[in-house]
Amino acid sequence: MSVFIHTSLRQKSFSSQLLYCMANIFKVLSRGLATTSTAMSSINVVTVVGAGIMGSGIAQIVAQNGKKVTLVDVNKDVLQKATKNIENSLHRVAKKLHKDDAAKAEQTVKSALENLSFSSDLHDSVKKTDLVIEAIVERLNAKQTLFATIDSVAPKHTIFATNTSSLPVTEIGSVINRKDRFGGLHFFNPVPVMKLVEVVRTDETSDETYKQMMAWGRSIGKTCITCKDTPGFVVNRLLVPQLGEAIRLLERGVASARDIDIAMKLGAGHPMGPFELADYVGLDTTKYILDGWHQIYPNVEIFDPIETLNKLVAQGKLGVKSGEGFYNYKK
């Protein structure tokens, strides 16, 4: 009997100790999960630099999803134009969301605009931000200069991201100290409509930074994919050479631009043909991407310059934005 009692007591003591240990482990795990959750949701204030089509679209979608964002551009005229374009776009979005409720539509626009501010002061705009997204001209030296300028001004925790569509992300970030807090966030035009964001990791992007960028992208309603720092990432690496090959087919007299577009829409299920898409994207943009890749990879034939494309750009025929490209858009 005495042995049984002592054994029972020891078992009870062991059980109590086990429960105590498990409780402590659970507390530690809970703290860890809470810390992780905080880290994942720590991007609350965003600065977008560059008030062109892409920068404006990014700022709009961030504001629409309830996050504070400042759109920055040194050109006040560009900033004023962006302000008007965003307001018009928000009204279209709100009208579509609340077709039969004008009051709700107006409140949607008002709420988004309350989250959005505009500035021409770059340094002041990055002093209290969690994320800086660069969406300026697609030139390596311009992007490097921008990030080098703000690296010592932005808080240490701030993540820097480039929206480049074609330049090496690693090279853009080579001039900054926070290489572990740098990566690519490649949005697609028009940003409020296109659901995809390519999250680009360099060899030095930390796991924490990558996870924060992925979580933030999802929090603004985007579908995020992960890709390495390679020319064109995923979409443009497949898409731009296809546009180039379509132009080469035209040059060889295989088919007309119109028939090639029809073939790809009806035969491949594409919503736009390659010439329609090239005109929409901008022939200068397509040329710039191909030229950049050709400079880096001169032996890759598919990146070679295209005479017809170069001629149209030289003539100022850039596509939809200039009124003429492969097609004429002038009324």
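Residues numbered from 1 in each chain as written. Predicted model: local features only at pLDDT ≥ 70, side-chain atom pairs only at ≥ 80, totals over all residues. Heavy atoms only, no water.

> If you had to explain the overall build of the chain to someone new, which residues and values would you point to?
The helix and strand tally for the chain stands at 13 helices and eight strands. For the chain, the residues scored as buried account for 41% of the 331 residues in total. For the chain, the accessible area works out to roughly 18200 Å², and carbon and sulfur atoms hold 57% of it. (Helix = DSSP H or I, 4+ residues; strand = E, 2+ residues; numbered from the N terminus. Buried < 20%, exposed > 50% of the residue type's maximum accessible area, 1.4 Å probe, protein only. Areas by Shrake-Rupley, 256 points an atom, 1.4 Å probe, with all protein chains shown as cover.)

> Go over the pattern of salt bridges, please, and point to the residues and values.
Summed over the entire model, instances satisfying the criterion amount to nine salt bridges. Among the salt bridges present, the one from K321 reaches D284, with a minimum N-O distance of 2.9 Å. Here K321 is found in the segment after helix 13 (307-314), whereas its partner D284 is found in helix 12 (residues 283-296), with 37 residues between them in sequence. The exposure class assigned to K321 is exposed, which follows from its relative accessible area of 54%. For D284, a relative accessible area of 26% corresponds to the partly exposed category. Via salt bridges that share partners, E134, E138 and K143 belong to a single interconnected network. (Salt bridge = Lys/Arg side-chain N within 4 Å of Asp/Glu carboxyl O.)

> Would you mind going over the nonpolar core in detail, with residue names and values included?
One finds V46, L131, L185, F187 and W216 to be the most contacted residues of the largest nonpolar core, which totals 35 residues. In this structure, A246, I247, I260 and L290 belong to the second largest nonpolar core, which totals 21 residues. (Core = buried A, V, L, I, M, F, W, Y, C linked by side-chain atoms within 4.5 Å.)

> Break down helix 2 (residues 53-64) for me, with residues and values.
Each turn of an α-helix holds 3.6 residues, which means side chains three or four residues apart point in the same direction. With twelve residues, helix 2 should cover 16 Å at 1.5 Å per step; its first-to-last C-alpha distance of 16 Å lies within 8% of that length. Counting buried positions over the twelve residues of helix 2 gives nine, a clear majority of the element. Taken as a whole, helix 2 has its buried residues at G55, S56, G57, I58, A59, Q60, I61, V62 and A63. Once helix 2 ends, the next one or two residues include G66, with phi positive near 80 degrees. (Expected span 1.5 Å × (residues − 1).)

> Break down the packing of aromatic side chains for me, citing the residues and quoting the values.
Taken as a whole, this structure holds six aromatic pairs when the rule is applied. With a centroid separation of 5.0 Å and 55 degrees between ring planes, the pair formed by W293 and F303 is classed as tilted. Of this pair, W293 sits in helix 12 while F303 sits in the loop between helix 12 and helix 13; the two residues are ten residues apart in sequence, bridging distant segments of the chain. W293 gets classed as buried once you look at its relative accessible area, which sits at 1%. (Phe/Tyr/Trp six-rings, centres within 6.5 Å; stacked < 30°, edge-to-face > 60°.)

> For the pairing of strand 2 (residues 68-72), give the residues involved together with the corresponding values.
The buried count for strand 2 comes to four of five residues, which makes it a mostly enclosed element. Sheet topology note: the strand 1 (residues 45-49)/strand 2 ladder contains five bridges and is parallel. Note on strand 2: the bridge partner recorded for T47 is T70. The pairing of strand 2 with strand 3 (residues 116-119) spans four bridges and is parallel. Residue pairing across strands places L71 opposite F118, the latter belonging to strand 3. (Pairing = 2+ DSSP bridges.)

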